[in-house]
Amino acid sequence: MSSFLHVEWTVRTVETPRVKRPCGRCGHVQPFSSTGKFRLNANGNRLDAWLIYVCAKCGNRWNRPFFERRARQSISDDLLQSLQTNDPALARKVAVDLPTASTGLAADTDMAFSIEKKLLGLSVESDAPLSLTLLNPGACRVRLDRVLAEGLNLSRRLIHQLADDGVILLIDGSKKALKKPLRHKMRVNFSFEPSAVPDLRHRLFGLVHPLE
Ligand SMILES: [Zn+2]
């Protein structure tokens, strides 16, 4: 018996802007995310401060200069304390405000995000086994195929393959919407559970037991 499952995903931005730069460990350009932590170094009367980033793929660290070789007396006690305690407000401000253009760094256009999953409905009496509503209340700038890929833990290539095969059906648009930014309130249906992804229900909502 097929059962109907309606799940809602709410997508939210979780991070400050990422920066694209070459990663020494990965060997090519990767997005780096701020850890929200600072590193301070004193050299005589001079201080250096960096905001620590990590490669989104491999976790390799990169210290992004905030200021370098500044005289201790030119730094307020408040700022020093914020750096020493990794003040979240300061870390956010630095990550948002630091210019990328002058440093030859590229901002990553796709933002990092989180997905909150909620079960909206469950029934055993439907031909449309799986339905997903996507909410984007904060207008997080991210492509639909990336949200589906990360939310289902599948490759983007497989997401497009499933759309080509008619498994993934975009209710208010064509397949082209996969490559476009996620809108608020989008509806995606899954016409059946494909053999390539036998645990689709689990991936949609993290169900421990498959529904019969
Ligand atoms: Zn890396």
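Residues numbered from 1 in each chain as written. Predicted model: local features only at pLDDT ≥ 70, side-chain atom pairs only at ≥ 80, totals over all residues. Heavy atoms only, no water.

Brief notes about helix α4 (residues 156-164)
Residue pairs three or four apart in sequence face the same way in an α-helix, which turns once every 3.6 residues.
Piece 1. Those residues of α4 that sit buried are I159, L162 and A163. Considered in projection along α4, the buried side chains sweep an arc of 100 degrees and stay on one side of the axis.
Piece 2. Against the buried residues of α4 lie α3 (144-152) and β9 (168-170).
Piece 3. Positive phi appears at G166, one or two residues downstream of α4, with a value of about 80 degrees. (Buried < 20%, exposed > 50% of the residue type's maximum accessible area, 1.4 Å probe, protein only. Helix = DSSP H or I, 4+ residues; strand = E, 2+ residues; numbered from the N terminus. Arc of directions from axis to C-beta. Contact = heavy atoms within 4.5 Å.)

What about the nonpolar core?
Piece 1. Counting 31 residues, the largest nonpolar core has W9, L132, L134 and F190 as its most contacted members.
Piece 2. Of all the elements in the fold, those that place two or more residues in this core are β1 (4-13), β8 (130-135), α3, α4, β9, β10 (186-190) and α5 (200-205).
Piece 3. Among the elements that line this core, the one with the most residues is α3, at five residues.
Piece 4. For L132, the contacting residues outside a window of four places in its chain are H6, V7, W9, L148, M186, R187, V188, N189, F190 and L204. (Core = buried A, V, L, I, M, F, W, Y, C linked by side-chain atoms within 4.5 Å.)

Structural notes on the coordination of the zinc ion
Piece 1. At this site the zinc ion is bound by C23 (SG), C26 (SG), C55 (SG) and C58 (SG), with donor distances of 2.3 to 2.4 Å.
Piece 2. One can describe the site at the zinc ion as tetrahedral: its four donor atoms subtend angles covering 104 to 116 degrees at the metal.
Piece 3. Spacing between the donor residues of the zinc ion along their common chain follows C-x2-C-x28-C-x2-C.
Piece 4. C23 sits in the buried class, given a relative accessible area of 2%.
Piece 5. You can call C26 partly exposed: its relative accessible area is 24%. (Donors = N, O, S within 2.8 Å, 3.2 Å for Na, K, Ca; no water. Tetrahedral: all angles 85-135°; square planar, octahedral: opposite > 155°, others 65-115°.)

What about the environment of V188?
Piece 1. Inspection of the secondary structure assignment puts V188 in strand β10.
Piece 2. Taking C-alpha positions, V188 is 6.3 Å from T133, a pair spaced 55 residues apart along the chain.
Piece 3. Here V188 is in contact with L130, S131, L132, L134, I168, L169, L170 and I171, once residues within four sequence places are set aside.

Overview of the packing of aromatic side chains
Piece 1. According to the stated counting rule, one finds four aromatic pairs in the structure shown.
Piece 2. Between F32 and W62 the ring centres are 5.9 Å apart and the planes differ by 80 degrees, which places this aromatic pair in the edge-to-face class. Placement of the pair is F32 in strand β3 (residues 29-43) and W62 in strand β5 (residues 61-71), with a sequence separation of 30 residues. By the burial criterion, F32 is buried, and W62 matches it. (Phe/Tyr/Trp six-rings, centres within 6.5 Å; stacked < 30°, edge-to-face > 60°.)

Re the pairing of β3
Piece 1. Pairing geometry for strand β2 (residues 19-22) and β3, over four bridges, is antiparallel. Paired with R21 across the strands is Q30, a residue of β3.
Piece 2. Turn length for the β2-β3 hairpin, with the two strands adjacent in sequence and antiparallel, is six residues, and the turn residue G27 shows positive phi of about 90 degrees.
Piece 3. In this sheet, strand β4 (residues 46-55) lies alongside β3 in antiparallel orientation, the contact comprising nine bridges. Bridge pairing links F32 to C55 in β4. (Pairing = 2+ DSSP bridges.)

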